[in-house]
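Listed below are the residues making up each chain.
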Amino acid sequence: VSSPRRVGSRRLLAAAVVAGASLLTSCSWSFGMPSPRTEQAGRTFTLWQVFFVVACIVAAIVYGLIVWSLVRYRRRRSDEAGVRGRNFSQHVPIEIVYTAIPVAIVVVLFGLSVRTEHGVAWTTDHPDVTVHVQGYQWGWRFDYVGQGVELVSRPSGPGVAGPQMVLPLGRTVKIVLDSDDVIHAFWVPDFLFKRDAIPGRTSSFVLSPDHAGTFQGTCAEFCGLNHAYMRFSVRVVSAAQFQAWLASQRSAQAAGTPSPVPSPSASATGAA
Ligand SMILES: [Cu+2]
């Protein structure tokens, strides 16, 4: 026969389980992260999912134990006044467990982070396309190395669309990044990637776009008055479309025609 107190605790537990389950099912497995649009972003995304799930499990255990202790060992009306609970200062098995488990968690997460970082920071001397990206106050220069194609921002300001970098789907793109004046940062949220452009220092990384579409990018380092307008976009198209685009840009630039700049409405976010 259950005592009324037991029934009360069980109801509380059932309510907590129902609340937790509905909270979990209501959110997606992205846990608020934008969907990854490059192969490298996929790695970052998976790591984020692992960290989030592990954090949820740890939080459930910690908060569960706190609530359970509060309910199970709360002071009751029937308790004699002034009587204290059993007191002990150490419990070796518990101490070993609560030291070993967190250390194991940290070691595993550290190992996964190192592996992901290697994958994301990997670069190559033989990419399919190399784009030299230069940040300057207040715009971007995209030079397709060896292709005779260069895109440059128009003078930036409110309502002025930034340049659009076109990249081939499923190819290895090496970005060689530097700055002409102060520190800028190349950031494309959908690529889950950001890298500082530091004057006097060249850094490179590889992007392998695995989704077609147009993705917004911006400078993510406060760099002066028009920092807020230092936008650009990245359009990922098929390899054949990319080659056609390169050829049209090459002939237009050779003829001295300025490269077409996307209108602000045409460069809205989202997949094609
Ligand atoms: Cu900037």
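Look up: the structure comes first, before these words.
Worth saying up front: this structure is predicted, and the values here are computed from it rather than measured.

Sorry if this is basic, but what is going on with the environment of Gln 49 here?
Tracing the chain through its elements places Gln 49 in helix H2 (residues 39–72). In this structure Gln 49 comes out as partly exposed when scored by relative accessible area, which is 22%. When near neighbours in sequence (up to four residues on either side) are disregarded, Gln 49 contacts Trp 29 and Phe 31. Among the polar contacts made by the side chain of Gln 49, one reaches the main-chain carbonyl oxygen of Trp 29 at a distance of 2.9 Å.

I tried to follow the packing of aromatic side chains on my own but got confused; where do I start?
Each aromatic ring pair is characterised by the separation of its centres together with the angle its planes make. Summed over all chains, the structure comprises 14 aromatic pairs. Each residue in the set Trp 140, Phe 142, Phe 186, Phe 193, Phe 205 and Phe 232 is aromatic and connected to the rest through ring pairs, giving one cluster. When the ring centre of Tyr 73 is taken as reference, the NZ or CZ atom of Arg 72 above it lies at 5.1 Å.

Even after reading the chapter, I still don't get the coordination of the copper ion, so can you show me in this structure?
Ideal coordination angles are 109.5 degrees for a metal with four donors arranged tetrahedrally and 90 or 180 degrees for a metal with six donors arranged octahedrally. Within the protein, the atoms that donate to the copper ion are His 184 (ND1), Cys 219 (SG), Cys 223 (SG) and Met 230 (SD), at distances of 2.1 to 2.5 Å. Metal-centred angles of 95 to 124° between the four donor atoms at the copper ion mark the site as tetrahedral. Sequence positions of the residues that donate to the copper ion give the spacing H-x34-C-x3-C-x6-M. Remark: Cys 219 occurs in strand S9 (residues 213–219) and His 184 occurs in strand S6 (residues 184–188); sequence separation between them is 35 residues. We classify His 184 as buried; its relative accessible area is 0%.

What should I look at first to understand H2 in this one?
Residues spaced three or four apart along an α-helix face the same direction, because each turn holds 3.6 residues. Between its first and last C-alpha, H2 extends 49 Å over 34 residues, near the 50 Å set by a 1.5 Å rise per residue. When H2 is considered as a whole, its buried residues turn out to be Gln 40, Ala 41, Phe 45 and Leu 47.

Mind showing me how you'd approach the pairing of S9 here?
Extensive coverage of S9 is indicated by the burial of six of its seven residues. Pairing geometry for S6 and S9, over two bridges, is antiparallel. From the neighbouring strand, Trp 187 faces S9, where its bridge partner is Thr 218.

Honestly, the sheet that holds strand S1 (residues 129–136) in this entry has me stumped. Any pointers?
For sheets, the rule is that strands pair by backbone hydrogen bonds, running either parallel or antiparallel. Spatial ordering of the open sheet is given by S3-S2-S1-S5-S8, a layout of five strands whose pairing is mixed. Strand pairing shows two members of the sheet lacking a second neighbour, strand S3 (149–152) and strand S8 (203–207), which therefore form its edges. This sheet shows a mean twist of 20° between the axes of neighbouring strands, independent of strand direction. With five bridges joining them, strand S5 (residues 173–179) and S8 adopt antiparallel strand pairing. Bridged to Val 173 within S8 is Leu 207. Across the face of the sheet, helix H4 (residues 239–254) comes into contact with S1, strand S2 (139–144) and S3 while running at roughly 80° to S3.

What counts, and at which threshold
- Residues numbered from 1 in each chain as written.
- Predicted model: local features only at pLDDT ≥ 70, side-chain atom pairs only at ≥ 80, totals over all residues.
- Heavy atoms only, no water.
- Helix = DSSP H or I, 4+ residues; strand = E, 2+ residues; numbered from the N terminus.
- Buried < 20%, exposed > 50% of the residue type's maximum accessible area, 1.4 Å probe, protein only.
- Contact = heavy atoms within 4.5 Å.
- Polar contact = N/O pair within 3.5 Å; in protein donor to acceptor, adjacent residues only side chain to side chain.
- Phe/Tyr/Trp six-rings, centres within 6.5 Å; stacked < 30°, edge-to-face > 60°.
- Lys NZ or Arg CZ within 6 Å of the ring centre and 35° of its normal.
- Donors = N, O, S within 2.8 Å, 3.2 Å for Na, K, Ca; no water.
- Tetrahedral: all angles 85-135°; square planar, octahedral: opposite > 155°, others 65-115°.
- Expected span 1.5 Å × (residues − 1).
- Pairing = 2+ DSSP bridges.
- Axes fitted to C-alpha atoms, helices over the stretch in contact; angles between N-to-C directions.

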